[in-house]
Amino acid sequence: MKNENRGQIRIIEAFLAVLIIFSSFAISANLTVTQTVTNHDNLASTGLLALVKLDSDGSLGKYIEDRDWAALRDALNLILPAGIAFNLTVYDGQMQQVNTDVISNCGFSSEDIAFVEYVCASQGSNFHCYMIHLYLAVAA
Amino acid sequence: MKKCKRKFRANSSGQLLIVAALTIAIIISSTTIYVYELCRETNSTESYPISDIILALKQSTKNAMISSLANISKGGEKTVLEANLDNLSQTFRNLHQLGMYSLSFTALNDSQYDSGTCLSWNTNGSGVSSAYANFTLKFQRMTANIAVDYAVNITTTVAINGSYTRLEGEEKLVNLTCRVFNEDKPALAKNITLFYENLGNWVPVNSSNSLSTVDYGNGTYLLSFIVSTSSNVQVSAHVYDLRYVFVQANTTCYEA
């Protein structure tokens, strides 16, 4: 009787083990998805709203018109929350890069990088349109 | 020998099932991870709400309107507004991050506005430089097609009023109050230049006229200066707001 039941008990054990492994994977995967998406959404949204805020009084367009990349970097550093790494590139209407200096506060070490695309119309009397690509990541 | 084989089969049948079960577990787990990765990629492309995108695009149209009004108020052609908005619309078509965008517009034409602009610089103490256009922003993405209608009105208004007190001879001390508004809200001026009329010519007011300016910081400026004229003092204020929109207002100052 004991010998006959040994195999069945092993099968039950195996199924229990499979159940535990599977459920732990399922739960942990869901937790990770929620956290990652929340962080990613916040990062992109924060970046976009930072650009809108900077553009609301025409500062963003003025920095670009004046080719004042250091001031633009400082302004972004101030307006973005601490601990966010960024890298910004400015393109003109023909998608030619405008900024001659790197507009970034530090290197990216995170795998989770958010991307923001923004159209900046200058407020000056000579109208120019620029395309801005902003990459954001949580600084290590 | 047969007994031994049977025993081996009985012993190893459970182990085989265990291996099979573990294999299934690995397959299920890897499928879960794969689905999770796919979900993450899908979510990362829809990274912020549509309301944020619309806010950003509205900001760009507003800036384009400001730029056009700044140009036109300084003597530019009225066609500049439509040309700039066409340019902006073309740039919007190059945006592909979260979908396809198309911007159409209609510049306002009525009794006050011509091709979306209105420059009303009167002699009654008020001056208005304004631009107005209606927009339709169409936004197409995999999950939804959205059309948003909105209007952008950029208006810089200047209101001046003042009086003078007699000094010696024909000298008069003019006190002028100048108020600047952006979209009916008090706004700061970048530069105010005053002129007064003398023998049919407009003469700039400068330090030789003992010009003094008090900036109240809320869009109200008190300007005082001394002029020599025989009649009431006609004053013209030329104002640039912080957006470089030009507006002019004329008034006549009478004795207080």
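One structure accompanies this document, and this report is about it. None of these values were measured; they are calculated from a predicted model.

### Describing unusual backbone geometry
Residue and element names in this part refer to chain B.
Thinking step 1. Of note, the phi angle at Ser-115 is positive, near 50 degrees, even though the residue is not glycine.
Thinking step 2. Note that Ser-115 resides in the loop between strand E1 (100-107) and strand E2 (117-121).
Thinking step 3. With 17 C-beta atoms packed within 10 Å, Ser-115 lands in the partly exposed category.
Thinking step 4. Non-glycine residue Asp-184 carries a positive phi angle of around 65 degrees.
Thinking step 5. Of note, Asp-184 is situated in the loop between strand E5 (171-182) and strand E6 (185-186).

### Observations regarding the interface of chain B and chain A
Thinking step 1. On the chain A side, the residues contacting the 42 residues of chain B number 41 residues.
Thinking step 2. Among the elements of the structure, helix H1 (2-45), helix H2 (50-73) and helix H3 (80-93) of chain B are those that each provide at least two residues to the side of chain B that touches chain A.
Thinking step 3. Taken together, the residues of the side of chain B that touches chain A break down into 20 nonpolar, 18 polar and 4 charged.

### Description of the nonpolar core
Thinking step 1. Grouped together as the largest cluster of nonpolar side chains are 78 residues, with contacts concentrated most on Leu51(A), Tyr118(A) and Val235(B).
Thinking step 2. Counting residues per element, this core draws most heavily on H2(B), at 9 residues.
Thinking step 3. The residue makeup of this core includes at least three contributed by each of domain 2 (50-119 + 130-154) and domain 3 (158-255) of chain B.
Thinking step 4. If we skip the residues at most four places from it in the chain, Tyr118(A) touches Leu48(A), Leu51(A), Ile132(A), Leu134(A) and Ala56(B).

Scoring rules and cut-offs
Residues numbered from 1 in each chain as written. Chains lettered and ligands numbered in written order. Predicted model: local features only at pLDDT ≥ 70, side-chain atom pairs only at ≥ 80, totals over all residues. Helix = DSSP H or I, 4+ residues; strand = E, 2+ residues; numbered from the N terminus. Buried ≥ 20, exposed ≤ 12 C-beta atoms within 10 Å, placed from the backbone. Contact = placed C-beta atoms within 7 Å. Nonpolar A, V, L, I, M, F, W, Y, C, P; charged D, E, K, R; others polar. Core = buried A, V, L, I, M, F, W, Y, C linked by C-beta atoms within 7 Å. Domains from an automatic or database assignment.

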